[in-house]
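Observations on the three-dimensional arrangement
Chain by chain, the residues:
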Amino acid sequence: GILNFCANNYLGLSSHPEVIRAAVEALEKFGAGLSSVRFICGTQSIHKDLEEKIARFHQREDAILYASCFDANAGIFEALLTPEDAVLSDELNHASIIDGIRLCKANKYRYKHMDMQDLEAKLQDAQKHRLRLVATDGAFSMDGDIAPLREICQLAQKYDALVFIDECHATGFLGPNGRGTDELLGVMDKVTIINSTLGKALGGAAGGYTTGPKPLIDLLRQRSRPYLFSNSLPPAVVGCASKALDLLMESNAIAQSMAAKTQRFRSKMTAAGFTISGKDHPICPVMLGDARLAAVMAEDMLNRGIYVIGFSYPVVPKGKARIRVQISAVHSDEDIDRCVEAFTEVGRKHGALP
């Protein structure tokens, strides 16, 4: 009797019968695991097939699999950038991007969140370095806002920089065919590197990847430490992710269904008097400010059959506590309306609404 409104299962594929069947078939055919890293005896045909499929989905030259997107982010900056280079990172980038950048020896710049004037100033300062890489989340997971990729790509072209995006909260459902924020904003040919996950919209199990130019992927296979020293993805995980991509490439119907459901929740919650952060993204943070209020409201929501979680410092800045709601393609209109009704009742009870 509980409705889950806090999962990253944007397309509902983690419980899709064809995805589950593909995982079972891979398990039976290829075994539970490889007991090895990729370059020893950890590469099967299904790993190579999935990498090819990821590259085709994103319209890139090649792709490389990791145990998680956290590993993909930990493995790229150190392998790619030297002390002669510079990396420019949005201040609200995911922790895994921040940690990955810490591992490299490049000159580090942090620009204000989605502030293009500040990014341009830092790009001007970074002209003294050999190579410049702008790193940003495509969609920011705590606020549900989308990076201004058109403007970022224009600045990158002006100042001869590369663009890297983390698409964990975009792959599968943003853009006309679910290819992500670069498709949504019409800059697929201008973004150099994409990191993303198989553990959210694409089956929800585990795994991550980098996709981009073939020379970059070849470099990562030789130098990226999380790839070199982590076990291969289990066959069942590979199987379910591969089937999820098949379903997306066969039809954009699931991805397209997200827009209407997201709009329904956002408009009804706004009409009820709540402040919802972000824009047009299924991550819908209900901004409350007070950490205790977010916690007690989330607890009361569960008592009404709606599973949501309160977020407060240090996950989000002090004074910006919220309940992060995430819409899924498997939520019906009735489910969404029930969630809004519960929020309205609980909000009035705790003084979050008049």
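The model shown is predicted, which means the values in this text are computed figures rather than measured ones. (Residues numbered from 1 in each chain as written. Predicted model: local features only at pLDDT ≥ 70, side-chain atom pairs only at ≥ 80, totals over all residues. Heavy atoms only, no water.)

Here's the deal with the packing of aromatic side chains
In the structure shown here, the tally under the stated rule is four aromatic pairs. The lysine or arginine in question, Lys 318, covers the ring of Tyr 313, its NZ or CZ lying 4.8 Å from the ring centre. (Phe/Tyr/Trp six-rings, centres within 6.5 Å; stacked < 30°, edge-to-face > 60°. Lys NZ or Arg CZ within 6 Å of the ring centre and 35° of its normal.)

Overview of the sheet that holds strand E12 (residues 321-326)
Strand order in the open sheet formed by three strands is E9-E12-E11, and the pairing between neighbours is antiparallel. Every interior strand has two partners, whereas the edge strands, strand E9 (283-289) and strand E11 (309-311), have only one. Strand-to-strand twist of the sheet, defined as the mean angle between neighbouring strand axes without regard to direction, takes the value 30°. Relative to E12, E9 runs antiparallel, the two sharing six bridges. Following the sheet pairing, Met 287 is matched in E12 by Arg 322. Strand contacts of helix H12 (residues 253-272): E9 and E12, with the helix running at about 20° to E9, the strand carrying the most contacts. (Pairing = 2+ DSSP bridges. Helix = DSSP H or I, 4+ residues; strand = E, 2+ residues; numbered from the N terminus. Axes fitted to C-alpha atoms, helices over the stretch in contact; angles between N-to-C directions. Contact = heavy atoms within 4.5 Å.)

Concerning the nonpolar core
Phe 5, Leu 198, Phe 265, Val 286, Ile 323, Val 325 and Phe 343 are the most contacted members of the largest nonpolar core, which totals 59 residues. Looking at this core element by element, the count peaks at eight residues for helix H11 (residues 235-250). A domain split of this core shows at least three residues from each of domain 1 (16-250) and domain 2 (252-350). For Phe 343, the contacting residues outside a window of four places in its chain are Phe 265, Met 269, Phe 274, Val 286, Met 297, Met 301, Ile 323 and Val 325. (Core = buried A, V, L, I, M, F, W, Y, C linked by side-chain atoms within 4.5 Å. Buried < 20%, exposed > 50% of the residue type's maximum accessible area, 1.4 Å probe, protein only. Domains from an automatic or database assignment.)

Considerations on the packing of helix H1 (residues 17-30) against H11
Their axes nearest at 7 Å, the elements H1 and H11 cross at an angle of 140°. H1 and H11 meet at a crossing whose hand is right-handed. Contact with H1, carried on its side by Glu 18, Val 19, Ala 22, Ala 23, Ala 26, Leu 27 and Phe 30, involves Pro 235, Ala 236, Gly 239, Cys 240, Lys 243, Ala 244 and Leu 247 of H11 and no other residues of that element. Broken down by class, the residue content of the contact of H1 with H11 amounts to 11 nonpolar, one polar and two charged. (Left-handed = near helix turned anticlockwise from the far one by under 90°. Nonpolar A, V, L, I, M, F, W, Y, C, P; charged D, E, K, R; others polar.)

Description of a nonpolar patch on the surface
Together, Ile 2, Leu 302, Tyr 307 and Ile 309 line one region of the surface with nonpolar side chains, adding up to about 340 Å² of accessible area. By relative accessible area, Ile 309 is classed as partly exposed at 35%. (Patch = residues over 30% accessible without salt bridge, like charges linked within 9 Å, V, L, I, M, F, W, Y side chains within 5 Å. Areas by Shrake-Rupley, 256 points an atom, 1.4 Å probe, with all protein chains shown as cover. Salt bridge = Lys/Arg side-chain N within 4 Å of Asp/Glu carboxyl O.)

Focus: the sheet that holds strand E6 (residues 162-166)
Reading across the sheet, the seven strands line up as E2-E8-E7-E6-E5-E3-E4 and stay open at both edges, with mixed pairing between neighbours. In the strand order of this sheet, the two ends are held by strand E2 (62-66) and strand E4 (107-111), each with one partner. Each adjacent strand pair in this sheet contributes to an overall mean axis angle of 20°, direction not counted. Across five bridges, E2 lies against strand E8 (residues 208-212) in antiparallel orientation. Counted as the bridge partner of Leu 65 is Tyr 209 from E8. Contacts from helix H4 (residues 69-80) reach E2, strand E3 (86-90), strand E5 (132-137), E6, strand E7 (193-197) and E8 within the one sheet, and its direction differs from that of E7 by about 155°. Its contacts with the sheet put helix H7 (residues 149-158) on E4, E5 and E6, and the angle it makes with E6 is roughly 155°.

A closer look at unusual backbone geometry
Backbone torsion omega between Tyr 313 and Pro 314 reads 15°, so that peptide bond is classified as cis. Note on placement: Pro 314 falls in the loop between E11 and E12. Although it is not a glycine, Ser 35 sits at a positive phi angle of roughly 55°. Mapped onto the elements, Ser 35 comes out in the loop between H1 and helix H2 (38-41). The exposed category is assigned to Ser 35, whose relative accessible area is 68%. Not every positive phi belongs to a glycine, and Asp 160 is a case in point at roughly 55°. Position of Asp 160 among the secondary structure elements: in the loop between H7 and E6.

Topic: the domain arrangement of the protein
Here the domain parsing of the protein yields domain 1 (16-250) and domain 2 (252-350). Distance from the C-alpha centre of domain 1 to the C-alpha centre of domain 2: 27 Å. The interface of domain 1 with domain 2 comprises 17 residues on the first partner and 18 residues on the second. Carbon and sulfur atoms make up 58% of the area that domain 1 and domain 2 hide from each other, which totals about 1,300 Å². Counting the surface domain 1 buries against domain 2, the share from its top three residues, Met 142, Asp 143 and Phe 173, is 41%. Inspection of the domain 1/domain 2 interface yields one salt bridge. (Buried area = accessible area lost by both parts, 1.4 Å probe.)

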